Amino acid sequence: LAVLNCHSIHSIMVASSVGLRSRPSCVADSIAGVSLFADEAPDDFKEFNRAFIAMFRITAAETWVDSLPEQDQDGTINYQAATFIVSYIIIENWLLFQVSVAVLLENFVSTSTRMDEEEQVERAVEQARENELRNPMEPLLVQLLREYSDSADLSKRLSILFQAEA
């Protein structure tokens, strides 16, 4: 398995923050927030730029929108605001989850590829070692095969090579 390192965590954070700034759902929900809550929460939703910052702060889990009333004037729960904010959080978290999974998968694939390449190199080195150990005289025999002129010359060279010293 790929190890989650500091670079991966940093990549996730950067991808998430960059993605949030240009995320269409943040823009769309900011526009919807201005349309729905400009009168109820003017501090956060009177203008688009304020709504965008409020939605970004919610996505970053910095804060809840304090100016948005949790209850209506008659004391009942403000289901419109609750549904709006909760659905926004669910959608944004799902999108961030997909970005995180994409970064982790990319890291896993690159690590797997690198490990496969390292294994192939190790196998090639091991194969080369096995070939060397199988016939330690192979370089000498190759040289003999290249240099002999006829079978008599080859026999002469081999007899000199394997001649026992007294």
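Residues numbered from 1 in each chain as written. Predicted model: local features only at pLDDT ≥ 70, side-chain atom pairs only at ≥ 80, totals over all residues. Heavy atoms only, no water.

Some words on the overall build of the protein
Put simply, the test is: What counts as a helix is a DSSP run of H or I of at least four residues, what counts as a strand is a run of E of at least two, and both are numbered from the N terminus. For this analysis, residues touch if any pair of their heavy atoms sits within 4.5 Å. Working definition of accessibility: Shrake-Rupley area with a 1.4 Å probe, residue cover restricted to the visible protein chains.
When its secondary structure is counted, the protein shows 7 helices and 0 strands. Listing the helices and strands of the protein from first to last along the sequence gives α-α-α-α-α-α-α. Across the protein, the fraction of contacts at a sequence separation of at least 24, relative to all contacts at a separation of at least 6, is 56%. As displayed, the protein has an accessible area near 12000 Å², and 60% of this comes from carbon and sulfur atoms.

A few points about the nonpolar core
A general trend in soluble globular proteins is that nonpolar side chains are found buried together. Applied cut-off: Take the buried residues of types Ala, Val, Leu, Ile, Met, Phe, Trp, Tyr and Cys, join any two whose side-chain atoms come within 4.5 Å, and each joined set is a nonpolar core. Burial here depends on accessible area, computed with a 1.4 Å probe over protein chains only, as a share of the maximum for the residue type. Under 20% is buried, over 50% is exposed, and the range in between is partly exposed.
One finds Phe 45, Met 55, Val 65 and Leu 68 to be the most contacted residues of the largest nonpolar core, which totals 15 residues. Elements that contribute at least two residues to this core include exactly helix 2 (24-37), helix 4 (48-59) and helix 5 (79-134). Top contributing element to this core by residue count: helix 4, with 5 residues. Look past the residues within four positions of Phe 45 in its chain and what remains in contact with it is Gly 33, Val 34, Phe 37, Ala 38, Ala 51, Ala 54, Met 55, Val 65 and Phe 84.

Here we look at the packing of aromatic side chains
Think of a pair of aromatic rings as described by two things: how far the centres are apart, and how the planes are tilted against each other in angle. To keep it simple, the criterion reads: Pairing of aromatic rings covers Phe, Tyr and Trp, the last counted by its six-membered ring, and requires centre-to-centre distances within 6.5 Å; plane angles under 30 degrees mean stacked, over 60 mean edge-to-face, and any other angle means tilted.
Applying the stated rule across the entire model yields 5 aromatic pairs. Taking 6.0 Å as the distance between ring centres and 35 degrees as the angle between the ring planes, the aromatic pair formed by Phe 48 and Phe 52 counts as tilted. With Phe 48 and Phe 52 both in helix 4, this residue pair falls 4 residues apart, about one helical turn. Using a relative accessible area of 38% as the deciding quantity, one classes Phe 48 as partly exposed.

Some remarks on a nonpolar patch on the surface
Where we set the bar: For patch building, the residue pool is restricted to those with more than 30% relative accessible area and no salt bridge; the joining distance is 9 Å between like charges and 5 Å between nonpolar side chains (Val, Leu, Ile, Met, Phe, Trp, Tyr). Salt bridges are identified by distance alone: a Lys or Arg side-chain nitrogen within 4 Å of an Asp or Glu carboxyl oxygen.
Taken together, the side chains of Met 137, Leu 140, Leu 141, Leu 161 and Phe 162 make up a nonpolar region of the molecular surface, amounting to roughly 390 Å² of accessible area. Mapped onto the nonpolar patch, the elements with two or more residues apiece are helix 6 (138-147) and helix 7 (151-162). Here Met 137 shows up in the loop between helix 5 and helix 6. Residue Met 137 is classed as partly exposed on the basis of its relative accessible area, which comes to 32%.

Things to note about the side chain of Asp 44
How we decide: Charged residues are defined here as Lys and Arg on the positive side and Asp and Glu on the negative side; His and the ends of the chain fall outside this count.
Examined against the element boundaries, Asp 44 turns out to sit in helix 3 (residues 42-45). Among buried charged residues, Asp 44 stands out as having no salt bridge; its nearest opposite-charge side chain is Arg 57, 4.7 Å away.

Observations regarding the pattern of salt bridges
The tally for this structure, following the rule as stated, stands at 4 salt bridges. Between Arg 157 and Glu 147 there is a salt bridge, and its shortest N-O distance comes to 3.2 Å. Here Glu 147 lies in helix 6 and Arg 157 lies in helix 7, a separation of 10 residues in the sequence. When its relative accessible area of 29% is taken as the criterion, Arg 157 is described as partly exposed. A residue is classified by how much of its surface remains accessible, and Glu 147, at 42% relative accessible area, is partly exposed. Across the salt bridge formed by Asp 153 and Arg 157, the nearest N and O atoms sit 3.2 Å from each other. Highlighted residues: Asp 153 and Arg 157, both in helix 7, separated by 4 residues, approximately one helical turn. The network of salt bridges with common partners includes Glu 147, Asp 153 and Arg 157.

Honestly, that's just the spatial picture; any functional story needs more than this.
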